[in-house]
Amino acid sequence: MAARQKQQRGEVRLNEPMSKHTSWRVGGPAETFFVPSSIEDLALFLHDLHADIPVLWFGAGSNLLVRDGGIPGVVISATRILKDLDRVENYAVRAGAGLACTQLARQCVRWNIGPSEFFAGIPGTVGGALAMNAGAHGGETWERVESLRTIDRSGVINERAPGEYSVGYRSVTGPGNEWFIEATFRFDPDFSPSVAAMKEMLERRKKTQPLGLPSCGSVFRNPPGDHAARLIEAAGLKGFTIGGAEVSDKHANFIINRDGATAADIEKLIQYVRQTVIEKHGIELIHEVRIVGEVAQ
Ligand SMILES: Cc1cc2nc3c(=O)[nH]c(=O)nc-3n(C[C@H](O)[C@H](O)[C@H](O)COP(=O)(O)OP(=O)(O)OC[C@H]3O[C@@H](n4cnc5c(N)ncnc54)[C@H](O)[C@@H]3O)c2cc1C
């Protein structure tokens, strides 16, 4: 009986097209795409996985360029689980890594806890926001992190403190070979968030970003004291295309999948933009999006 209880119960999909999951709507197949049914199931899966098999954790795919050759090894998608959100104290909430940032924002605003409104504009998961130190409208994910729980490569759950991580602008490094499963955020007791402010932020995005089209948001980090979008626009690149990929003419730091782009089109366009900005402005832009997987043969 004990052995039966330990059987794997999650969903394993072989050769799962990542284009179904990424916000750019591109990407070759994941060799194995695992959707755990519970945290115990996830722990068991990791525990049993051979140490040589690479693992990529997948949030909502809103900051990932998956190459056309796909992803060898295992992709873990835990957004069906890890979705809890609890108010643990007056101004603190505990959120699962699979929860959508938009839901975190909306519920915190309902609870009158903030500043939390900026999360509403980030179309990823709490885990992705932790991995990227996602931010918007002056707010950043890690400003609010009080404690964390992670799961490691052998399925062991760890309690972590923010001091164990080195956190910067869209960059987070910490204990290797483990992934976030939960975070506690502490907000400001003197702050009253507002639905109107949240709506205003979302409206501003609609006006300035090509939100109806497949993208990954801003492709490049802003260099110190400047804006990547300004540099790209001043280099005359708005509307420039390679294959089906296009530099948005609404927001120059967005690359959109205009017309059946491949990941290779997007990656070439990223390189082209970087090179052109170096030639025109002498500044090397660093991409914020994560590029993963293999080039198609
Ligand atoms: C229209 C649009 C607007 C955007 N606006 C913003 C914005 O205003 N500000 C901003 O910062 N970003 C923005 N983004 C980018 C993106 O939404 C964020 O980077 C987001 O935090 C990514 O979360 P995700 O769940 O989609 O992560 P994914 O894209 O799935 O993964 C991104 C990286 O995080 C890692 N990761 C994911 N989950 C975990 C986990 N649980 N543990 C460890 N690692 C993990 C992945 O392995 C990968 O390396 C925007 C994107 C789009 C499409």
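Just above sits the structure.
The notes below deal with the structure included here.

Reading the values: rules and limits
Residues numbered from 1 in each chain as written. Predicted model: local features only at pLDDT ≥ 70, side-chain atom pairs only at ≥ 80, totals over all residues. Heavy atoms only, no water. Helix = DSSP H or I, 4+ residues; strand = E, 2+ residues; numbered from the N terminus. Contact = heavy atoms within 4.5 Å. Buried < 20%, exposed > 50% of the residue type's maximum accessible area, 1.4 Å probe, protein only. Pairing = 2+ DSSP bridges. Axes fitted to C-alpha atoms, helices over the stretch in contact; angles between N-to-C directions. Expected span 1.5 Å × (residues − 1). Polar contact = N/O pair within 3.5 Å; in protein donor to acceptor, adjacent residues only side chain to side chain.

1. Things to note about the environment of His251
Link 1 in the chain: Considering the arrangement of structural elements, one finds His251 in the loop between β16 (245-247) and β17 (255-257).
Link 2 in the chain: Once the C-alpha coordinates of His251 and Pro210 are considered, the two residues, 41 residues apart in sequence, prove to be 7.0 Å apart.
Link 3 in the chain: Sequence-distant contacts of His251, defined by excluding residues within four places in its chain, comprise Thr208, Gln209, Pro210, Ser218 and Ala229.

2. Some remarks on helix α3 (residues 101-110)
Link 1 in the chain: Regarding α3, the residues found buried are Cys101, Leu104, Ala105, Gln107, Cys108 and Val109.
Link 2 in the chain: Backbone geometry just downstream of α3 places Asn112 in the positive-phi region, at approximately 65°.

3. Some thoughts on the sheet that holds β16
To summarise the sheet geometry, strands pair through backbone hydrogen bonds and adopt either a parallel or an antiparallel arrangement.
Link 1 in the chain: The sheet built from three strands is open, its strands ordered β15-β16-β17 with antiparallel pairing. Each of the sheet's edge strands pairs with one partner strand only, and the pair in question is β15 (241-242) and β17.
Link 2 in the chain: For β15 and β16, the ladder comprises two bridges, and the chain directions are antiparallel. Paired with Ile242 across the two strands is Ala245, which belongs to β16.
Link 3 in the chain: Its contacts with the sheet put helix α7 (residues 263-281) on β15, β16 and β17, and the angle it makes with β16 is roughly 30°.

4. A look at unusual backbone geometry
Link 1 in the chain: Look at the link from Gly114 to Pro115: it is a cis peptide, with omega at 0°.
Link 2 in the chain: Phi angles above zero are rare outside glycine, and Asn133 is one such case at about 50°.
Link 3 in the chain: Inspection of the secondary structure assignment puts Asn133 in the loop between α4 (126-132) and β8 (135-136).
Link 4 in the chain: Within the chain, Asn177 stands out as a residue other than glycine whose phi angle is a positive 60°.

5. Quick notes on α7
Link 1 in the chain: In a regular helix each residue adds 1.5 Å, so 19 residues correspond to 27 Å; α7 covers 27 Å between its end C-alpha atoms and thus fits that length.
Link 2 in the chain: Taken as a whole, α7 has its buried residues at Ala263, Asp265, Ile266, Glu267, Leu269, Ile270, Val273, Arg274, Thr276 and Val277.
Link 3 in the chain: Taken together, the buried residues of α7 touch β4 (64-66), α6 (228-234), β15, β16, β17 and β18 (290-292).
Link 4 in the chain: Looking one or two residues past α7, Gly282 carries a phi angle of roughly 70°, positive in sign.

6. So, the environment of Asp226
Link 1 in the chain: Along the chain, Asp226 falls in the loop between α5 (195-208) and α6.
Link 2 in the chain: For Asp226, a relative accessible area of 17% corresponds to the buried category.
Link 3 in the chain: Taking the C-alpha atoms as reference points, Asp226 and Gly282, separated by 56 residues in sequence, lie 13 Å from one another.
Link 4 in the chain: Within the structure, Asp226 has its side chain in polar contact with the side chain of Arg230 (distance 2.9 Å).

7. A closer look at the sheet that holds strand β1 (residues 11-17)
Link 1 in the chain: Spatially, four strands are ordered β1-β2-β5-β3 in an open sheet, and the strand pairing comes out mixed. Sheet topology places β1 and β3 (55-58) at the edges, where each strand pairs with a single neighbour. Adjacent strand axes in the sheet meet at a mean angle of 30°, parallel and antiparallel pairs treated alike.
Link 2 in the chain: Bridge analysis of β1 against strand β2 (residues 29-35) gives six bridges, and the strand direction is antiparallel. Looking at the pairing, Pro17 lines up with Pro29 of β2.

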